[in-house]
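Remarks on the overall topology
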Amino acid sequence: MLEVTNLSCGYGDIIVARELSFSVNEGEVLSVIGANGAGKSSTLNCLCGIVEKIHGSICINGFEIGELIPEQRIQHGIALVPEGRRVFPDLSVNENLTVGGHIVDRKLLETNREKVFSYFPRLGERPKQLAGSLSGGEQQMLAFGRALMSLPKLLLVDEMSLGLMPKVVDECYQVLQDLKDNGVAIILVEQNTERALAVADHVLVIEAGNLYWQGSSAELAQNPAAVEAMMGSSA
Ligand code: ATP
């Protein structure tokens, strides 16, 4: 469903990811692994249109979206759970979710909100609480829920488990598994390589903005050099 070809992205004249090609199908998880500064977040952000594409192609179901603005990409089924959560602190839980679902009609908005609350009951218990006063784990759930409000076909998840208690990480991974089982394509960037690999169908290892290795998670287990690079990334 997502086909990325020779994608380079960056900031002004600085290219931070070069000539990356990869694809993700419905119901698959691609885990992107690499050291700090390798270009993982920039690549995710380029897919959703908030970092500049310098070269290459990004197709969703055969349609080129690489020149579209972020809003249009959401309409093509992309949603991002950003690194650092980035909830709107002065808006309530409900209002944050409404922002995430602004492209869907009013009736679907409520259905989607109920779905998010069924995934994360703690959000459902505090719909009017300001997001800025939520705990770190609750803010992560809210960032996750906000992305789900547009019913994405491709979910981009950046450092979901960073700084969270294991129980909350488990909860988030259960939701990811449910989305995967329901055909959502997922790209995961994670410091927690063990968790990311456990759920991955395919793995992309990036080193200093270049493709270092890609293949199935089973193949990765057979490739000591890639494993070494990957472990360097999680140190
Ligand atoms: P981390 O695991 O530390 O988040 P990463 O693999 O996600 O790293 P990026 O955050 O994509 O890496 O950063 C890749 C490179 O792009 C780094 O050298 C970083 O300094 C640079 N970079 C990131 N954001 C910007 C920006 N807004 N302007 C200029 N350079 C940036």
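First, a word on what this report is: a plain description of the structure on this page. From a predicted model like this one, the values you see are computed outputs, not experimental measurements. (Residues numbered from 1 in each chain as written. Predicted model: local features only at pLDDT ≥ 70, side-chain atom pairs only at ≥ 80, totals over all residues. Heavy atoms only, no water.)

1. A look at the pattern of salt bridges
Two side chains carrying opposite charge are able to pair once their charged atoms lie near each other. Within this structure, the stated rule accounts for 7 salt bridges. In this structure, the salt-bridge partner of Glu67 is Lys53, at a minimum N-O distance of 3.0 Å. A residue pair is termed long-range when its members are at least 10 positions apart, and Glu67 in the loop between strand 5 (63–64) and helix 2 (70–75) and Lys53 in strand 4 (residues 52–60) qualify at 14 residues. Here Glu67 falls in the exposed class, since its relative accessible area comes to 65%. You can call Lys53 buried: its relative accessible area is 18%. A salt bridge links Arg126 to Glu125; its shortest N-O distance comes to 3.8 Å. One salt-bridge network, in which partners are shared between bridges, spans Arg122, Glu125, Arg126 and Glu138. (Salt bridge = Lys/Arg side-chain N within 4 Å of Asp/Glu carboxyl O. Helix = DSSP H or I, 4+ residues; strand = E, 2+ residues; numbered from the N terminus. Buried < 20%, exposed > 50% of the residue type's maximum accessible area, 1.4 Å probe, protein only.)

2. With respect to the pairing of strand 4
Note that strand 1 (residues 2–11) and strand 4 share 7 bridges and pair antiparallel. The residue of strand 4 that forms the bridge with Gly10 is Glu52. Bridge analysis of strand 4 against strand 5 gives 2 bridges, and the strand direction is antiparallel. Residue pairing for strand 5: Cys59 is matched across the bridge by Glu64. Between the antiparallel neighbours strand 4 and strand 5 lie 2 residues, among them Asn61 with a positive phi of about 45°. (Pairing = 2+ DSSP bridges.)

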